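# Examination of the molecular architecture
Residues per chain, in single letters:
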Amino acid sequence: MNKEKMSIEKKTKLIYSGELILIALIFIVIATLEIFGVIGKREITLIIFNWITIFGGAYLIFDFFWTLLSPRKRKKNSLLDKTLVLPLALYFITFDILCFAKLSFITMEFRRLMMSIGFYYLSVIYIFQGIYHYYHPIPMLLEAIEEEKQEQVKKEQEKTSQEEAKETNNKEEL
């Protein structure tokens with residue numbers, strides 16, 4: 001039985017989509033553990049989370065506008081991906097400001113719930129991207145597929161040239 005090899009395009013799209021869905025599953029696990037209070041019990045953990053998300057949210061907003069305004073960056077990235085995380089960036093920045101203000105309604109349970117909501121939203125985004133980018137790959141992935149195809153063609157050409165060289169050597173020896 002001879003099995004057909006999977007095409008480079010399909011293999012690359014499957015790997016990329018699989019990675020996105022795996023990341024989504026990790027975020028689902030983290031959010032669930034956070035809701036049940038398994039992780040994030042210490043105040044310092046939440047403060048570190050607030051600092052990371054305030055800078056991360058600011059970067060996501062900056063990256064969105066950079067992709068929107070730069071034709072070179074827009075050619076390589078999906079504007080849909082950048083747009084989907086924009087509400088999350090605004091959500092986390094607002095949440096961080098409320099946490100840093102130390103308002104009376106910001107309890108430990110409230111913080112864990114808000115963090116979990118953000119993680120669940122992020123997991124939904126990654127699951128959507130994993131499915132969507134299987135059928136509509138990002139431009140950067142298409143470039144990688146083309147490079148892989150060219151590399152495979154070069155390997156095949158080298159292999160055929162080596163086989164031809166062996167054949168000529170065998171004919172010369174006879």
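Each remark here, short or long, concerns the structure printed above.
Attention in this report is confined to the structure presented alongside it. Numbering of residues starts from 1 in each chain and follows the order in which that chain's sequence is written. Thresholds applied to this predicted model are a pLDDT of at least 70 for local features of residues and 80 or more for the giving and counting of side-chain atom pairs; totals over whole chains, interfaces and linings are not thresholded and use all residues. Side-chain metrics rest on all non-hydrogen atoms present in the structure, leaving aside hydrogens and water.

## A look at the side chain of Asp96
Starting at the N terminus, helices and strands are each numbered in turn, a helix being any DSSP run of H or I of at least four residues and a strand any DSSP run of E of at least two. Checked against the element boundaries, Asp96 lands in helix H4 (residues 79-101). Under the scheme applied here, a residue whose accessible area is under 20% of the maximum for its type counts as buried, over 50% as exposed, and between as partly exposed, the area being computed with a 1.4 Å probe on protein chains only. When charges are counted, neither His nor the chain ends are considered; positive counts come from Lys and Arg and negative counts from Asp and Glu. When a carboxyl oxygen of Asp or Glu lies within 4 Å of a side-chain nitrogen of Lys or Arg, that pair is called a salt bridge. At 7.0 Å, Arg111 is the nearest oppositely charged side chain to Asp96, a buried residue that forms no salt bridge. Whether two residues are in contact is decided by their heavy atoms, any of which lying within 4.5 Å being enough. What Asp96 contacts, discounting residues up to four positions off in sequence, is Asn50, Thr53 and Ile54.

## With respect to helix H1 (residues 8-35)
One fewer than the residue count of a helix, multiplied by 1.5 Å, yields its expected span. In a regular helix each residue adds 1.5 Å, so 28 residues correspond to 40 Å; H1 covers 41 Å between its end C-alpha atoms and thus fits that length. Those residues of H1 not exposed but buried are Ile8, Thr12, Lys13, Tyr16, Ser17, Leu20, Ala24, Phe27, Ala31 and Glu34. Where H1 ends, the next residue or the one after it, Gly37, has phi of about 75°, a positive value.

## A word on the nonpolar core
Working definition of a nonpolar core: buried Ala, Val, Leu, Ile, Met, Phe, Trp, Tyr and Cys residues. They are joined through side-chain atoms within 4.5 Å. Judged by nonpolar contacts, the single largest core of 15 residues is most densely connected at Phe49, Phe92, Phe95, Met115, Phe119 and Leu122. Only H1, helix H2 (43-69), H4 and helix H5 (108-135) provide two or more residues apiece to this core. Here Leu122 is in contact with Phe27, Val85 and Leu88, once residues within four sequence places are set aside. Core analysis: the next-biggest nonpolar cluster, separate from the first, contains 6 residues, Tyr16, Leu20, Ile138 and Leu141 among them.

## What to know about the packing of H4 against H5
Their axes nearest at 11 Å, the elements H4 and H5 cross at an angle of 175°. Classified by the angle their axes make, H4 and H5 are roughly antiparallel. Polarity classes work like this: nonpolar for Ala, Val, Leu, Ile, Met, Phe, Trp, Tyr, Cys and Pro, charged for Asp, Glu, Lys and Arg, and polar for all others, with Gly in that last group. Residues of the contact of H4 with H5, tallied by class, amount to 18 nonpolar, 3 polar and 2 charged. Each axis is a line fitted through C-alpha atoms, taken for helices only over the stretch in contact, and angles between the N-to-C directions span 0 to 180 degrees. Here is the rule for angles: anything less than 35 degrees is roughly parallel, anything more than 145 is roughly antiparallel, 65 through 115 is roughly perpendicular, and the remaining ranges are oblique.

## Observations concerning unusual backbone geometry
Residues other than glycine seldom take positive phi values, yet Lys102 does so here, at roughly 55°. Residue placement: Lys102 occurs in the loop between H4 and H5. Given the relative accessible area of 68%, Lys102 is considered exposed.

## Thoughts on the pattern of salt bridges
Going through the model one piece at a time under the given rule, you end up with 6 salt bridges. Between Arg111 and Glu43 there is a salt bridge; the shortest N-O distance is 2.8 Å. Taken together, the positions of Arg111 in helix H5 and Glu43 in helix H2 put the pair 68 residues apart, joining distant regions of the chain. By relative accessible area, Arg111 is classed as buried at 7%. Glu146 is paired through a salt bridge with Lys149; the nearest N and O atoms lie 4.0 Å apart. Pair noted here: Glu146 and Lys149 are both in helix H6 (residues 139-173), with a separation of 3 residues, about one helical turn.

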